[in-house]
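An overview of the molecular structure
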Amino acid sequence: MAPPIISVVSKKNSGKTTLLEKLIPVLIGRGYRVGTVKHDMHGFDIDHEGKDSWRHKHAGAMTVAISSPWKLSVIKDVAEEAELDEIASNYFNDMDIVLTEGYKQAGKPQIEVFRSAAHNSPLHVKEQPKTLVAVMSDVPVDLGVPNFDVNDMGALADFIEKRFLTG
């Protein structure tokens, strides 16, 4: 069974990556196995020109795996973007929770990061919270869901633990 998936979302440059960098160690410290998925609408390259795996890919291999005693990476051409549930069930079954960065349209529970210095208003609105379950912000924001201080990872971890991990 795939683990619960929570998407960290926001408008651009609001601190999604920073929030995840701070939250992940807190959840791990509580004994949870955490996986993450970063959504990139623009495409990406993780292989480096000239490396053997890059050469395999550029020779025509549709899937290339790089394996070591400590890591495994797979680069695979796909005809269309994989669904988040498919990614989680194929690669994250051994995790307790999957946190995503992005995936605004995936229909998963969302935690919005809002910083007043970066934007005038949050991504979500109270009248249409959709899948929003919490807000992390530097100012009070009433979107009809719990609002935590953007630096209080303990409070956010408590919320995630109660709502998604321990029932």
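The sections below set out a description of the structure shown in this document.

Once that is clear, we can look at the side chain of Lys 16. Here Lys 16 shows up in helix 1 (residues 16-29). With no salt bridge to any partner, buried Lys 16 finds its closest opposite charge in Glu 101, at an N-O distance of 5.0 Å. Aside from chain neighbours lying at most four places away, what touches Lys 16 is Val 8, Val 9, Ser 10, Lys 11, Glu 101 and Val 113.

With that settled, the discussion passes to the nonpolar core. Residues Leu 23, Leu 156 and Ile 160 are the most contacted members of the largest nonpolar core, which totals 24 residues. Those elements giving two or more residues to this core turn out to be strand 1 (5-9), helix 1, strand 5 (97-101), strand 6 (110-114), strand 7 (132-137) and helix 4 (153-165). The dominant element in this core, judged by the number of residues it contributes, is helix 4, at seven residues. When neighbours within four sequence positions are excluded, Leu 23 is seen to be in contact with Leu 99, Met 153, Leu 156, Ala 157 and Ile 160. In this structure, Val 37, Leu 84, Ala 88 and Phe 92 belong to the second largest nonpolar core, which totals nine residues.

With that settled, the discussion passes to the sheet that holds strand 7. One open sheet holds the six strands; their spatial order is 2-5-1-6-7-8, and the pairing between them is parallel. Only two strands of the sheet have a single partner each, and these edge strands are strand 2 (34-38) and strand 8 (147-149). Each neighbouring strand pair of the sheet contributes to a mean axis angle of 25°, computed without reference to strand direction. In this sheet, strand 5 lies alongside strand 1 in parallel orientation, the contact comprising four bridges. Within strand 5, the residue paired with Val 8 across the bridge is Glu 101. Seen against the sheet, helix 1 touches strand 1, strand 2, strand 5, strand 6 and strand 7 and runs at an angle of roughly 170° to strand 5. Sitting on the sheet, helix 4 touches strand 1, strand 5, strand 6, strand 7 and strand 8, and the angle it makes with strand 7 is about 170°.

The next thing to look at is the packing of helix 1 against helix 4. Remark: helix 1 packs on helix 4, axes separated minimally by 10 Å, with the N-to-C direction vectors making an angle of 65°. Once helix 1 is placed against helix 4, the crossing between them reads as right-handed. Between helix 1 and helix 4, the contacting residues are Leu 19, Lys 22, Leu 23, Val 26 and Leu 27 on the first element and Met 153, Leu 156, Ala 157 and Ile 160 on the second. In terms of residue class, the contact of helix 1 with helix 4 is built from eight nonpolar, no polar and one charged.

Going through the model one piece at a time under the given rule, you end up with seven salt bridges. Where Asp 85 meets Lys 108, a salt bridge forms, and the shortest distance between an N and an O atom there is 2.6 Å. Here Lys 108 lies in the loop between strand 5 and strand 6 and Asp 85 lies in helix 3 (residues 84-91), a separation of 23 residues in the sequence. Asp 85 gets classed as partly exposed once you look at its relative accessible area, which sits at 44%.

The rules behind the values
- Residues numbered from 1 in each chain as written.
- Predicted model: local features only at pLDDT ≥ 70, side-chain atom pairs only at ≥ 80, totals over all residues.
- Heavy atoms only, no water.
- Helix = DSSP H or I, 4+ residues; strand = E, 2+ residues; numbered from the N terminus.
- Buried < 20%, exposed > 50% of the residue type's maximum accessible area, 1.4 Å probe, protein only.
- Lys, Arg positive; Asp, Glu negative; His and termini not counted.
- Salt bridge = Lys/Arg side-chain N within 4 Å of Asp/Glu carboxyl O.
- Contact = heavy atoms within 4.5 Å.
- Core = buried A, V, L, I, M, F, W, Y, C linked by side-chain atoms within 4.5 Å.
- Pairing = 2+ DSSP bridges.
- Axes fitted to C-alpha atoms, helices over the stretch in contact; angles between N-to-C directions.
- Left-handed = near helix turned anticlockwise from the far one by under 90°.
- Nonpolar A, V, L, I, M, F, W, Y, C, P; charged D, E, K, R; others polar.

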